[in-house]
Amino acid sequence: MPKSYYEFICPVKILSGRKALANLPYELQQHGASRPLLVTDAGVVQAGLQQPVEQALSDAGMSLAAVFDKTPPDSSNKVVNEVAALYRDKNCDSLIALGGGSAIDTTKGVNIVVSEGSEDLMAFQGVDRVTKPMQPFIVIPTTSGTGSEVTNVAVISNPDANVKMAFMSNKLYPHAAILDPTMTLTMPPRITAATGMDALTHAVEAYICLQKNPVSDSFALSAIRLIRTHLETAVRDGRNEDARLGMANAALLAGIAFSNSMVGVVHAMAHACGGVAHVPHGVANAVLLPFGMEYNLEKSEAELAQLGEWMTGPMPGLTPRQQALRAIDAVRQLASSLKDACGLPTTLKEAGVKKEQLQSIARTALDDGSITYNPEETTYEELLETLTKAFE
């Protein structure tokens, strides 16, 4: 049945393609910015990806006012406060996030506290708690999965409470996202696979969750087609710029889709796996996606059947249930192929979860906001059963 009413937003300017990075100075100038703080991590710096950013600025007579290169894989409110102090100390006037989801989400958190003039990120946890205009903010992804470059969400850990906190506001959208394939060429195969499966999870959940709409559907399906075409190539041949650009665009499209339609039970469980067992988000999604699709099969058979064609091609003669099951099987086959290519885990046990942690993960997932938009209602017992199936 068509939606009688829906809303859709994506205010981020997108610059995608070879040499897109050369536009960075212009984008800063358009916002009156000249003293950017770069937020990145040691791996990105070691891969030599900070240098092209500095060169792009230097070519236009600009430079970085400060650099924070210690973003951890699972960033926290304490890291946000440290970076915010650096921003203020160096009199910065804009933010550049260079990296994957952790660097981008950390920068979003920094933007909240410096723009709000606050010392307490925790005060803004939840939905629409941010009120002030944000500082100019540009994202240069070095992975292709989170879609954070085009979302209004940041997920940041609170190590004291052992949970991941969600921040959501339309003020959190970056002003521009720069997708340059040369910035993802050094991504290792396993990270390429995990982030690619993260993007696939975004697209699939965007297509079946309760807030889906015709516009988000088009973005989700386009992302799935690109992932089907490019992910395995990007994992097996990381220097292939066409595959890298295809996956960068796929992650962005999936990000736009899920930031409007939201995600569901897979993300709730993945967030909990991250908070309780410190499983990287993309790895958790890769393991849990087919189990989440099975969990929603009764309520989302028609949508999953449609996804089957996008994942495997036309399936004449099959019933909708058979097509839906084919879609789930296609995800499992892709995960298995990626495991063969780079060792990507396909069970929670392989991902480092301990069996005694499953109950805590289930309880944490039940309180996750993503559950709200899942097609099938959830209970603790059902979540624990699903996690147990995914364990080994």
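That block above? That's the structure.
Residues numbered from 1 in each chain as written. Predicted model: local features only at pLDDT ≥ 70, side-chain atom pairs only at ≥ 80, totals over all residues. Heavy atoms only, no water.

K.L.:
Teacher, can you tell me more about the sheet that holds strand β4 (residues 94–99) here?
P.N.:
Pairing between the strands of a sheet is mediated by backbone hydrogen bonds and can be parallel or antiparallel. Read across the open sheet, the 6 strands follow the order β1-β9-β6-β4-β2-β3; overall the sheet is parallel. Strands with a single pairing partner mark the edges of an open sheet, and in this sheet they are β1 (13–16) and β3 (66–68). Taking each pair of neighbouring strands and ignoring which way they run, the sheet shows an average axis angle of 15°. Two strands pair when backbone bridges link them, and β1 and strand β9 (residues 176–179) are joined in this way by 4 bridges, in the parallel orientation. Across the sheet, the residue bridging to S16 is L179, located in β9. (Pairing = 2+ DSSP bridges. Helix = DSSP H or I, 4+ residues; strand = E, 2+ residues; numbered from the N terminus. Axes fitted to C-alpha atoms, helices over the stretch in contact; angles between N-to-C directions.)

K.L.:
How should I be thinking about the packing of aromatic side chains in this particular structure?
P.N.:
Where two aromatic rings form a pair, the distance of their centres and the angle of their planes describe that pair. Under the criterion given, the structure shown has 1 aromatic pair. Where F8 meets F219, the ring centres are 5.5 Å apart and the plane angle is 25°; that geometry is what we call stacked. In this pair, F8 sits in the segment before β1 while F219 sits in helix α7 (residues 214–236), placing the two residues 211 residues apart along the sequence. A relative accessible area of 29% places F8 in the partly exposed class. Looking at R332, its charged tip hangs above the ring of F291, at a distance of 4.8 Å from the centre. (Phe/Tyr/Trp six-rings, centres within 6.5 Å; stacked < 30°, edge-to-face > 60°. Buried < 20%, exposed > 50% of the residue type's maximum accessible area, 1.4 Å probe, protein only. Lys NZ or Arg CZ within 6 Å of the ring centre and 35° of its normal.)

K.L.:
How should the pattern of salt bridges be read in this particular structure?
P.N.:
Once the charged atoms of two side chains with opposite charge are near each other, the side chains can pair. For the structure shown, the criterion picks out 14 salt bridges. A salt bridge links D217 to K212, with the nearest nitrogen and oxygen atoms 2.8 Å apart. Accessibility assignment for this pair places D217 and K212 in one class, buried. The partner of R332 in a salt bridge is E294, with the nearest N and O atoms 2.9 Å apart. One end of the pair, R332, is in helix α12 (residues 320–342); the other, E294, is in helix α10 (residues 281–295), and 38 residues separate them in sequence. Residue R332 is classed as partly exposed on the basis of its relative accessible area of 31%. On the accessibility criterion, E294 (35% relative accessible area) is partly exposed. Through salt bridges with shared partners, one network takes in R18, E241 and D242. (Salt bridge = Lys/Arg side-chain N within 4 Å of Asp/Glu carboxyl O.)

K.L.:
Even after reading the chapter, I still don't get unusual backbone geometry, so can you show me in this structure?
P.N.:
Trans is the common state for peptide bonds, and a negative phi is the common state for residues other than glycine. Although it is not a glycine, N91 adopts a positive phi angle of roughly 55°. Here N91 is to be found in the loop between α4 (77–89) and β4. The backbone phi angle of M262 is positive, close to 75°, even though this residue is not glycine. Looking at the element boundaries, M262 is found in the loop between α8 (241–261) and α9 (265–277). Note on M262: relative accessible area 10%, which makes it buried.

K.L.:
Honestly, the nonpolar core in this entry has me stumped. Any pointers?
P.N.:
Here is a general trend for soluble globular proteins: nonpolar side chains tend to be buried in one another's company. Counting residues in hydrophobic clusters, the biggest one holds 74 residues, and the most contacted among them are M197, L200, L288, M311 and L348. It is helix α6 (residues 189–208) that provides the largest number of residues to this core, a total of 10 residues. The next biggest cluster of nonpolar side chains, apart from the first, holds 29 residues, and it includes A66, V80, F124 and V130. (Core = buried A, V, L, I, M, F, W, Y, C linked by side-chain atoms within 4.5 Å.)

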